Amino acid sequence: MPVQSGSINEQGQWVPDRSIEIIAPAAAGGGWDTTARMLARTIDEEGLADQSFGVVNKPGGGGAVAWSYIHKRNDPHNIFISSPPLHFVYLNGQSPFGYEDFTPIANLIADYGAFAVREDAEWNSLEDLFTDMREDPESITVVGASSPGSMDHIQFMMFADKAGVDITKIRYISDQDSGGMTSVLNGSVDVISTGVMDAADQARAGKLKILGITAPERLEGDEYLSTLPTAKEQGIDAEFIVWRGMFGPPDMTEEQLAYYEDIYKEVSESDAFAEVRDMYGWDEQFMGSDEFREFLDEQSDDLENILIELGFIEEDEDENIGQ
């Protein structure tokens, strides 16, 4: 049962009775923390809420500690920021809680992945790379910062799979100490799967060549980023959005959901948050609760299928995933 708190005013709107806690499911300084703090600052500076929005860090378990906290409290004054690890941690059985155990409020921004090679590498496009990988997938090594079965790994596998590569034979190296970029630059591995901005920093310096990005269309607002080809324009029918959105506890009422959804729509439309997006290279991609939930359903299905193909989860245990 939800914690009974707050009230309904004469207009039928929910009114919180204390400050709002935005949970960042990681330590200070990371993507979740930065996004949460920028959202809270915008709400405060733009005067979008009567109550203050404060950020509380609850690291641990790749997000699982924070999700357990939110689920147990089930209090509409406690909400949290998340992104695709909410899928991965659950699907890989590292947490009993996935997106369906919470209330999707709104998505705010989109980021994307990139696949890059050293500047002097033989491949000039994803099709060049995947042509060689179709012939001999084990001959080319891929590195990422995430563990096997998580974001950098699976985003590459999604695109290789669509390109007809036998993804069960791809050699993926996990370098969680951020040495992956060095490994590509010194030639010890062939390809890096990473975020667009991380790859772009090295590519602008003439050290990397970005073969393709996971966005559905070319990025705007930056002369260099707009030159980066998408996988789709290279004939690979795949995309992967690194979304960042807000969630509430499982038993939110319609009035509580509307309260937050309206605030975050105003945040997304504000000039102040547009400046934040530009500062961090984020794309605007607001989705209200219903649209966000549909998007999460589709992405979860796509990721589950890849994880099954790679053997991380078993198809006949679908009903028990995450248990």
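Residues numbered from 1 in each chain as written. Predicted model: local features only at pLDDT ≥ 70, side-chain atom pairs only at ≥ 80, totals over all residues. Heavy atoms only, no water.

On to the packing of helix α1 (residues 31-45) against helix α9 (residues 271-280). Between α1 and α9, the least distance of the axes is 10 Å, while the angle of their chain directions is 155 degrees. It follows from the interaxial angle that α1 and α9 lie roughly antiparallel. As for the relative orientation of α1 and α9, their crossing is right-handed in sense. Between α1 and α9, the contacting residues are T34, M38, L39, R41 and T42 on the first element and A272, F273, V276 and Y280 on the second. Tallied by class, the residues present in the contact of α1 with α9 amount to six nonpolar, two polar and one charged. (Axes fitted to C-alpha atoms, helices over the stretch in contact; angles between N-to-C directions. Helix = DSSP H or I, 4+ residues; strand = E, 2+ residues; numbered from the N terminus. Parallel < 35°, antiparallel > 145°, perpendicular 65-115°, else oblique. Left-handed = near helix turned anticlockwise from the far one by under 90°. Contact = heavy atoms within 4.5 Å. Nonpolar A, V, L, I, M, F, W, Y, C, P; charged D, E, K, R; others polar.)

On to the nonpolar core, then. Counting residues in hydrophobic clusters, the biggest one holds 70 residues, and the most contacted among them are F53, Y260 and Y264. Top element by residues in this core is strand β6 (residues 103-118). It accounts for eight residues. With residues up to four places along the chain from it excluded, the contact list for Y264 reads I22, L39, I43, F53, I79, I105, A106, L108, M246 and F286. Core analysis: the next-biggest nonpolar cluster, separate from the first, contains 37 residues, L126, M151, I236 and I313 among them. (Core = buried A, V, L, I, M, F, W, Y, C linked by side-chain atoms within 4.5 Å. Buried < 20%, exposed > 50% of the residue type's maximum accessible area, 1.4 Å probe, protein only.)

With that settled, the discussion passes to the side chain of H153. Relative to the helices and strands, H153 resides in helix α5 (residues 151-162). In contact with H153, not counting residues within four places along its chain, are S146, S147, P148, Y172, L310 and F312.

Mapped onto the elements, S289 comes out in helix α10 (residues 289-309). Side-chain polar atoms of S289 contact the backbone oxygen of P104, separated by 2.6 Å. With near-sequence residues (within four places) excluded, S289 lies in contact with P104, I105, L257 and E261. (Polar contact = N/O pair within 3.5 Å; in protein donor to acceptor, adjacent residues only side chain to side chain.)

A few words on the pattern of salt bridges. In total, this model carries twelve salt bridges according to the counting rule given. The salt bridge involving D33 is made with R37; its shortest N-O contact spans 2.7 Å. Placement of both D33 and R37 in helix α1 is noted, with a separation of four residues, approximately one turn of the helix. Overall, the relative accessible area of 4% leaves D33 in the buried class. R37 sits in the partly exposed class, given a relative accessible area of 34%. Across the pair R73 and D75 runs a salt bridge, and its minimum N-O distance is 3.4 Å. Here the salt bridges share partners, and the residues they tie into one network are D17, R18, R73 and D75. (Salt bridge = Lys/Arg side-chain N within 4 Å of Asp/Glu carboxyl O.)

What follows concerns helix α7 (residues 196-204). If you check which residues of α7 are buried, you get V196, A199, A200 and A203. Taken end-on, α7 shows its buried residues confined to a sector of 105 degrees, consistent with a single buried face. In this fold, the buried residues of α7 make contact with β6, α6 (180-185), β9 (191-195) and β10 (208-213). After α7 finishes, the residue G206 shows a positive phi value of roughly 80 degrees. (Arc of directions from axis to C-beta.)

The residue N74 is not glycine, and still its phi comes out positive at about 50 degrees. In this structure, N74 sits in the loop between α2 (64-73) and β5 (78-82). Exposure remark for N74: the relative accessible area of 5% places this residue in the buried category.

No statement about biological role is implied by the geometric values presented.
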